[in-house]
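Structural overview for review
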Amino acid sequence: MLELILETLIKAAIIVGLPLGSIPIILVVERRGAGFMQKRLGPNRVGPFGLMQPLADVFKFLFKEEVEPSHVRPFFYTIAPLIALVVAVMPLAVIPVAAPFDFNGKTIFPEVFHTDLGIFFAFAVSALGSYGILVAGWASNNKFSMLGALRACAQMVSYELSLTTAIVAMIFLYGSNDIHSIVAEQTGYWFGFLPKWGFFVQPVAAVLFLVGIFAESNRLPFDLAEGESELVAGYHIEYSSIKFAIFFMAEYVHMLVLSGLFIILFFGGYSLLPGMELLVGDSALMLTIMQVLSFIIKISLMVWFFVWVRWTLPRFRYDQLMMLGWERLLPLGIFNLIITVLVVHFRNH
Amino acid sequence: MHLTYLANIGHYIPEMLLVVLMVGLIILEATYKESEKNRPYFYITTYIGLAATFIALLVNLKALPLTIFTNSMTIDPFSTLMKMIMVLGTFGAVYLSKINRDIYDSLKSEYVIISVGVLIGGMILASANNMLMLYIGIETLSILSYVLASLSKNNDRSSEAGLKYVLYGGISAGIMLFGMSHIFGIVGTIQFSEMITVLPTLEAWKIAVIMPSFLLFFVGIGYKIACVPFHMWSPDVYEGSPLPVTAFFSIVPKIAGIAVLVRVTMMFFGHTGPMQIGWIGLLSIISALTMTVGNVSAINQKSVKRMLAYSSISHAGVMMAGLVVLSEIGVRSIVFYGITYLFMTVAAFYILGIVQDKYNNDHFERFTGLIYRYPMMAIMMTIVMFSLTGIPPFSGFVAKFNILYALISKKHFALAIILGFNSIVSAYYYLKIVRLMILKKQESDETISHFGFLNQMIITAMTVPVIFLGIFWERVMMLAQGANIFIK
Amino acid sequence: MMFVDVLLTVLTVAFALLTVFSKKTVISAFALLMTLVCIGGIYYQLGSVFLSAIQVLVNAGAVAILFVFVMMLIDLEKYPNNTERSKIKLIITVLTSLVSLGVLALIINNNIDTITVVNLSDSSMKALFDRLFTQYYIPFELATVLLLAAVVAVVVIANNNKQHPGKE
């Protein structure tokens, strides 16, 4: 019993602490990357190449005066950022960073919460993601916040549908919810050089999923929730200093979680990048370390992709967004699902 | 398992036909441009589909009774007869919607599609052999009916009717589910056939717990039939809905609800014991109250539609009275009553629809002096009204007579006397129309347009069974006699 | 692990009571959400893993969002909940609650052996789907038809694109 608690705590510290701790790095990448794409320098004063900028930001948020407006609803105003953060962090519980390995004779699953559900748990819990924004917008007692919150909530609910069709198609293809078996199916190569990644098997589902995760994490081109030019700052107008920081942390963690899920389903998860087997040799410890490293590299590339898209594409208008979600992506997703089911059925018989 | 399913589908053809019809109608409707008023192919497809369903049901009538889909649905003569009544009712309601002005041109096809959906729900309900199928049937019936009730979008009464129906239906469905979950907790199974073997063997404390649960379960069914403590939604909903919808509601959900009530009663309360005494007592009281409340409330009505709504409540009460006897005679009389009730109701609503279209309201006074301008229509209306009251030689009399016979043969004298009194009271408001039509001079010289030969023929065609069943009722009675409920 | 069971049950009842008795409608909506999430937790404790995920995904993540959405859009401060107090209502409420609790206790007592016998050694999802796709297949498909019909019905009601004749 005590062992179980200790093991879970260690895993939680790593698997949850690492993303939370990498938020400053993502911040730097985003701001410098933004500058790079807009042909200007980003923040480069604080520390070498501006690498200490997030530290400065953290200090600012911690020590800034906490303005508590008098017209907000007291309980929900305080709790909204916490809801956003908790719901964003929860799916991390089922994301494994490496294959199960032996330690002192016991098999250890390198995920915090090992369950039958596997990947389904992550999606079930991220369905609750709209509540943080909704409560924030409503508790601010401000028409602009309310508008931003309602738009964000409608957007998240709509894109959840096409996201779910893509996920179900992939789960059907791999035949199991368990993340380890999903990744195991994606190890290996076709024709000797093409990795067996899900992206090459189901490009349609991959594109659907990609669009879906941009919408779920409220990142451009789907960020009308905080449409800076229209709604001032959307649902977090009334929030200042640390609560605002928590919202941003929640958004980045959500982005990381969703990229993690994308990588697991479509890019092989923690399976080794091509060329890395040479480094592994025979030892199991090296294998685990290399798997963790592959995972981190893939997620970093995905995060860079997020930043890249943010500073390239313009924002969608609300009705365009709704039309895209319901009239284009959802039928495409259902069609893809039907084709997948037929192919799997005939493959098995 | 797959082969059994394929074999089972062969027996399930009527419902499959209806599902295919519904989907086909949706696709067909999408091909029409919005400005097209007439949609001939649409209606022809509907009629053909409904006729095919009827024929498939006729074929099923000859087939042996059996349970399909792992015991979740029964196909037996009783359910097939009830389904045939429902299909004919839908046929009449669809034609009524085509010519009536209450359904807007832009919504005529939606009406048909949703009606077919309600019919599917009714057919599921009539064959249910399983608590789950019963609930799915009731929910399909109800959810689509909510929309039908509020189909006149520019009319406030229609939206009010829909809203009242939704609220009432939602709560009743919740209560019924609560009762069903308690029954499941005590008995341990949802299959009706398994419950029959378990129910006689329950201990006393379990019976004390299960009786109120059956009462809660009855709430859902009673709400569908609109019997007395659960009838408050019925007049407002029937009055607010467009006329074809009211005609549809008077037939299909009621017959489906009666079918499932008959099945539940005959199955679970067939063995003597405290449960039977309790249930039969409950049914008798509710039936007596329903007949009385329906009749007495109809006396004061100024609007014919509302009067017909209250009278349909009392007819449902009469059918429940036939159930109290718990035997073959009772079921036979209920089925016969259902058949005659179908024809009388469709004819009455059709004539009312024509009058309402012209005058834009349905007060009693609009029928004044109808016999001088349209003798055919007036005579048909008179026949239908006489039949509804229960005056010989029309079919309404035969139907009520059968129920009375069933009641008296099992010595339920009090209920028989109440039934007789209620028939007398109902004579007042049914014959009020007849009096206005025949004995009063007409208000003005207006004529009803579009009332040509075709409509007159259709009215006659609808009224002929009313007379015919009243005189030559032995053949149909033999058909109803064969309506066995299959218990397995 | 009894502690988690008891905690979840107490939380569910507390949130359910809050839903019914709270004076502000938005708090009722949020308490309903928390009740649904806690019921998902109870499903997990009873061993049905898939059902708990579906409960959170569908009930708490879609249905309750709609509730909260509507509560937020309508300014309900003008229509406070009914605060009528009456002794007779209180007495009847308490009596009915006690009777229902007694009935529930009897029923659960009746079934307690079956609950502990169910052995979900292999995946509970497999056990669920074995039953769902063989024995209860037809209710499953008919529920699909029902959902399709309900979608059609809702679109009919909510459709503003068609021209209707003028108001009567």
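Procedures and definitions
- Residues numbered from 1 in each chain as written.
- Chains lettered and ligands numbered in written order.
- Predicted model: local features only at pLDDT ≥ 70, side-chain atom pairs only at ≥ 80, totals over all residues.
- Heavy atoms only, no water.
- Helix = DSSP H or I, 4+ residues; strand = E, 2+ residues; numbered from the N terminus.
- Rg over C-alpha atoms; globule rule 2.2 N^0.38 Å.
- Buried < 20%, exposed > 50% of the residue type's maximum accessible area, 1.4 Å probe, protein only.
- Contact = heavy atoms within 4.5 Å.
- pLDDT = per-residue confidence, 0-100.
- Buried area = accessible area lost by both parts, 1.4 Å probe.
- Salt bridge = Lys/Arg side-chain N within 4 Å of Asp/Glu carboxyl O.
- Polar contact = N/O pair within 3.5 Å; in protein donor to acceptor, adjacent residues only side chain to side chain.
- Core = buried A, V, L, I, M, F, W, Y, C linked by side-chain atoms within 4.5 Å.
- Nonpolar A, V, L, I, M, F, W, Y, C, P; charged D, E, K, R; others polar.
- Axes fitted to C-alpha atoms, helices over the stretch in contact; angles between N-to-C directions.
- Parallel < 35°, antiparallel > 145°, perpendicular 65-115°, else oblique.
- Left-handed = near helix turned anticlockwise from the far one by under 90°.

A tally of regular secondary structure across chain B gives 20 helices and two strands. Compactness check: chain B gives a C-alpha radius of gyration of 22 Å against a globular reference of 23 Å for 488 residues, within 12% of the reference. Seen through its principal axes, chain B has C-alpha atoms that stretch 70 × 55 × 45 Å. Taking all 488 residues of chain B together, the buried fraction comes to 63%. Here the contacts in chain B between residues at least 6 apart in sequence split such that 80% fall between residues at least 24 apart.

Residue and element names in this part refer to chain C. Summing up the model confidence of chain C, the mean pLDDT is 82 and the portion of residues at 70 or higher is 86%. Here helix H5 (residues 124–134) stands out as the element of chain C with the lowest mean pLDDT, 79, in contrast to helix H1 (residues 2–21), whose mean of 91 is the highest. This prediction of the complex comes with two scores: 0.87 for pTM and 0.86 for ipTM.

A separate point is the interface of chain A and chain C. Taken together, the contact between chain A and chain C spans 24 residues of the former and 24 residues of the latter. Summing the contributions of chain A and of chain C, the shared interface buries around 1,900 Å²; its carbon and sulfur component is 82%. Along the contact surface separating chain A from chain C lie zero salt bridges. Linking chain A to chain C there are two residue pairs in polar contact (both at pLDDT 80 or more). Broken down by secondary-structure element, the contributors of at least two residues to the side of chain A that touches chain C are helix H4 (119–126), helix H5 (130–139) and helix H6 (143–174) of chain A.

All right, on to the nonpolar core then. In this structure, Leu134(B), Phe214(B), Phe217(B) and Phe367(B) are the most contacted members of the largest nonpolar core, which totals 190 residues. Counting residues per element, this core draws most heavily on helix H14 (residues 328–359) of chain B, which supplies 19 residues. In terms of nonpolar packing, the next biggest core, distinct from the first, is built from 104 residues, Ile23(A), Phe120(A), Met302(A) and Met72(C) among them.

A separate point is the interface of chain C and chain B. With 30 residues of chain C at the contact, the number on the chain B side is 39 residues. For the pair chain C and chain B, the summed buried surface comes to about 3,200 Å²; carbon and sulfur atoms form 71% of the total. For the pair chain C and chain B, the interface holds zero salt bridges. Where chain C packs against chain B, one counts three residue pairs in polar contact (both at pLDDT 80 or more). Looking at the side of chain C that touches chain B, the elements that each hand over two or more residues are helix H4 (87–117) and helix H6 (137–158) of chain C. In terms of residue count, H6(C) provides more of the side of chain C that touches chain B than any other element does, twelve residues in total. Of the residues belonging to the side of chain C that touches chain B, the class tally is 18 nonpolar, nine polar and three charged.

Between H4(A) and helix H3 (residues 49–73) of chain C, the shortest axis-to-axis distance is 8 Å and the interhelical angle comes to 25°. One element, H4(A), and the other, H3(C), form an angle in the roughly parallel class. The two elements H4(A) and H3(C) meet at a crossing, and its hand is left-handed. Mapping the contact onto sequence places Phe120(A), Phe123(A) and Ala124(A) in H4(A) and Phe50(C), Ala53(C), Ile54(C), Val56(C) and Leu57(C) in H3(C). Tallied by class, residues from the contact of H4(A) with H3(C) come to eight nonpolar, no polar and no charged.

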